[in-house]
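Close look at the chain arrangement
So you can see what is in the structure, the chains are spelled out below.
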Amino acid sequence: MSDTTDLVWHRILAPEELPEGRVRAVVADGVSLAVTHFEGTYSALANACPHQGGPLGEGSIENGWLRCPWHGWDFHPCTGNSPGGHDDGVPTHPVESRDDGVYVGLPAKVAVHPRTASDVMVETMVNWGVTHVFGIVGHSNLGLADAMRRQEELGNLTFIGVRHEGAASFAASAYAKLTGRPAACFSIAGPGATNLLTGLWDAKVDRAPVLALTGQVDTQVLGPGAFQEVDLAAAFSSVATWSQTVLSTSRHAELMTLALKHATLRRDVAHLIFPDEVQTLPIGDAPASGPAGRMPNLEVAPPEESVDQAIELLRKAKRPLIIVGHGARFEMEGILSLAERLGSPVVTTFKGKGLISDRHPLGCGVLGRSGTPIASWFRNESDLLLVFGSSFSNHTGISAKIPTIQVDYDPLALGKFHAVDVPVLGEIGVTCRQLADRLQGDLAAVDLRAEIAERWALWREEKQKREQEDRGLGVSSASVFAALNRHVPEDAVVAVDVGNNTYSFGRYFECTRQSV
């Protein structure tokens, strides 16, 4: 029994709420209790069997003993003592029955929470600008979840619970695509962790920076085949650009910094594995880390020779066409300024749909299999392609027969599927500004705004005809997306799967400010 001096009393039951001979789990001031009603007396025991931590509050009182639901250990419902005294029993807390209910006395919380490895790593995560975590809390990630809770209480982090880990990784991927900043997904060990894989592949393929945080069984039982033990390093090896297990001897802040540096600079998946016991490891006053001094200035200018070659082609082109992919998502201001200087049509890849409004005088919709006849027309009539942040997917169908300038921050993306005339390695926004600054004076380019408007008028007239047709085969794609265009808000985020619905969406839906 605890000392009754300097206690804080907490109401845990209403009068007559717990019947005689029953036990119930109750949480008071963050303390989990097994509350019993036995022989007219209310008692409060620690809600953890000393054997393996079984929840006594989920047990039952049989033949005068409180039995643990996990392995059948017995304890006296009031004193917590075990039969025969073969172990230390279960700690108890003082209880008082009052007119308005049953109260338990707990010591006032004066102890400072011991700083853990999880605290240091989550603080580092926050310092790197991670503001959202999507996931499910469970038995093998509680220490890490608790550190996240503390950061959320400080207003530094938002945890969003999901109902399946696959939703967590897809949500983190979508967040990263739409913001350019890494988000985290979070799971327990075993099947919870492997459920993340599909969404992480989505992030990897679309070059979205994502941090995957997975629980793991205790290191002392790792190997023989403990419950929900999976070799997570092997399971994540093909999807994660960087994957490490957090150990008791690790430099914890350094591990989180390396994970986020890889995710951010490589625009890929980074993965950290947290064995259960390491999550709550006391770590003293070890400092968190952050991006200061770790991240270079990413506004890298292209080589002067490449810019010279691009300018030479742009000056001569009469009908240049600008193609933008998902990699140009955050650089559209510079691209549109350059397009307006040239009077050039702008088409997008499917992943880039919506980066330019279909109401913009230079916007021509999606190019390729899920594209518009407007984009196809200007591609066929162009004499030069200026491509920003595109992977040259076969769905887009960028032709090798038309002279091409390709700009990308990734050297491996340049000329990946076929040779291009001028591969330009540089940050897209910086490159656009340099090209626009150099394109002064008379240009050969024809202002195509009037022709773009004509092609849109033809396509919208055709779409209207298709919408009104009834061939007796159900609702047409033209009708579905015409209705969506009337009702979808301009600030909506549109999530699209694959299939014929995707082709129709790319072709018929007209974006204004929606993000896809």
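Because the structure is predicted, anything quoted here is derived from the model rather than measured.

Observations concerning the overall build of the protein chain
Broken down by element type, the protein chain carries 15 helices and 22 strands. Here the C-alpha atoms of the protein chain give a radius of gyration of 31 Å, more than 25% beyond the 24 Å that 2.2 N^0.38 yields for 516 residues. Along the longest, intermediate and shortest principal axes, the C-alpha atoms of the protein chain span 95 × 60 × 45 Å. Split into buried and exposed, the 516 residues of the protein chain put 48% on the buried side. Relative to all contacts within the protein chain whose residues are 6 or more apart in sequence, the contacts with residues 24 or more apart total 66%. In the form shown here, the protein chain has an accessible surface area of approximately 24400 Å², with 52% of it arising from carbon and sulfur atoms.

Concerning a nonpolar patch on the surface
Taken together, V475, V480 and L484 make up a surface patch of nonpolar side chains, about 250 Å² in accessible area. Considering the arrangement of structural elements, one finds V480 in helix α14 (residues 477-487).

With respect to helix α3 (residues 165-179)
A rise of 1.5 Å per residue sets the reference length of α3, with its 15 residues, at 21 Å; its end C-alpha atoms lie 21 Å apart and thus fit the reference within 8%. For α3, the set of buried residues is E165, G166, A168, S169, A172, S173, Y175, A176 and K177. Structurally, α3 contributes buried residues whose contacts are with β11 (132-135), β13 (183-187), α4 (191-194), α5 (197-205) and β14 (210-216). With its phi angle positive at about 80°, G180 sits one or two positions after the end of α3.

With respect to the sheet that holds strand β20 (residues 384-388)
With parallel pairing, the 6 strands of this open sheet are ordered in space as β19-β18-β17-β20-β21-β22. Each edge of the open sheet carries a strand with a single partner, namely β19 (363-366) and β22 (422-425). The sheet shows a mean angle of 20° between the axes of neighbouring strands, taken without regard to direction. Taken together, the 3 bridges between strand β17 (residues 320-324) and strand β18 (residues 346-348) define a ladder with parallel strand orientation. When the bridges of β18 are listed, V324 appears paired with T348. Along the sheet face, helix α9 (residues 304-316) touches β20, β21 (404-408) and β22 and points at about 135° away from the line of β22.

Points about the packing of aromatic side chains
Note on aromatic pairs: each is described by the distance of the centres and the angle between the planes. Summed over all chains, the structure comprises 5 aromatic pairs. Relative to F505, the ring of F350 has its centre 6.3 Å away and its plane inclined at 75°; by these criteria the two rings are edge-to-face. Of this pair, F350 sits in the loop between β18 and β19 while F505 sits in helix α15 (residues 500-508), and the two are 155 residues apart along the sequence. Take F505: its relative accessible area is 4%, and that puts it in the buried class. Taken together, a centroid distance of 5.8 Å and an interplanar angle of 25° make the contact between W459 and Y508 stacked. Note that W459 is positioned in helix α13 (residues 449-468) and Y508 in helix α15, a separation of 49 residues in sequence. Summarising the burial analysis for this pair, W459 and Y508 share the class buried. Cluster of aromatic residues (ring-pair linked, three or more members): F350, F481, F505 and F509. Geometry around Y103 places R98 over its ring, the cationic atom sitting 4.1 Å from the centre. Above the plane of the ring of F505 lies K353, whose end atom (NZ or CZ) is 5.4 Å from the centre.

Concerning the layout of surface pockets
Empty space within the largest pocket amounts to approximately 1500 Å³. Together, 43 residues line the largest pocket, and K177, V205, D206, F350 and K351 are the ones closest to its centre. Elements supplying a minimum of two residues to the lining of the largest pocket: α3, α5 and α15. When grouped by side-chain class, the residues that make up the lining of the largest pocket number 19 nonpolar, 13 polar and 11 charged. T264, R267, L298, Y409 and E427 are, among the 40 residues lining the second largest pocket, the residues nearest its centre. Of all elements in the fold, only α3, α7 (252-266) and α12 (428-438) reach the threshold of two or more residues within the lining of the second largest pocket.

Quick notes on the pairing of strand β4 (residues 41-46)
Most of β4 sits out of view: 5 of its 6 residues are buried. Taken together, the 6 bridges between strand β3 (residues 31-38) and β4 define a ladder with antiparallel strand orientation. The residue of β4 that forms the bridge with A34 is L45.

Observations regarding the sheet that holds strand β10 (residues 101-107)
If you trace the 3 strands from one edge of the open sheet to the other, you get β1-β10-β9, paired in antiparallel fashion. In this open sheet, the two strands that pair with only one neighbour each are β1 (7-13) and β9 (95-98). Averaged over all adjacent pairs, the angle separating strand axes in this sheet is 30°, with direction ignored. Across 6 bridges, β1 lies against β10 in antiparallel orientation. Counterpart to W9 in the pairing with β10 is G105.

Let's talk about the nonpolar core
Among the nonpolar cores identified, the biggest contains 55 residues, and I335, L338, F388 and I405 are the most heavily contacted of them. It is helix α10 (residues 332-342) that provides the largest number of residues to this core, a total of 6 residues. Not counting residues up to four positions away in its chain, the partners in contact with I335 are I322, V324, A328, F388, I428 and C432. Counting residues in hydrophobic clusters, the runner-up holds 27 residues, among them A145, F186, V246 and A263.

What counts, and at which threshold
- Residues numbered from 1 in each chain as written.
- Predicted model: local features only at pLDDT ≥ 70, side-chain atom pairs only at ≥ 80, totals over all residues.
- Heavy atoms only, no water.
- Helix = DSSP H or I, 4+ residues; strand = E, 2+ residues; numbered from the N terminus.
- Rg over C-alpha atoms; globule rule 2.2 N^0.38 Å.
- Buried < 20%, exposed > 50% of the residue type's maximum accessible area, 1.4 Å probe, protein only.
- Contact = heavy atoms within 4.5 Å.
- Areas by Shrake-Rupley, 256 points an atom, 1.4 Å probe, with all protein chains shown as cover.
- Patch = residues over 30% accessible without salt bridge, like charges linked within 9 Å, V, L, I, M, F, W, Y side chains within 5 Å.
- Salt bridge = Lys/Arg side-chain N within 4 Å of Asp/Glu carboxyl O.
- Expected span 1.5 Å × (residues − 1).
- Pairing = 2+ DSSP bridges.
- Axes fitted to C-alpha atoms, helices over the stretch in contact; angles between N-to-C directions.
- Phe/Tyr/Trp six-rings, centres within 6.5 Å; stacked < 30°, edge-to-face > 60°.
- Lys NZ or Arg CZ within 6 Å of the ring centre and 35° of its normal.
- 1 Å grid on protein atoms, 1.4 Å probe; cavity = no way out; pocket = protein on both sides within 12 Å on 5 of 7 lines; lining within 4 Å.
- Points joined across faces, edges and corners; volume = space filled by probe spheres on them.
- Nonpolar A, V, L, I, M, F, W, Y, C, P; charged D, E, K, R; others polar.
- Core = buried A, V, L, I, M, F, W, Y, C linked by side-chain atoms within 4.5 Å.

Note that all results are geometric; they support no functional claim without further evidence.
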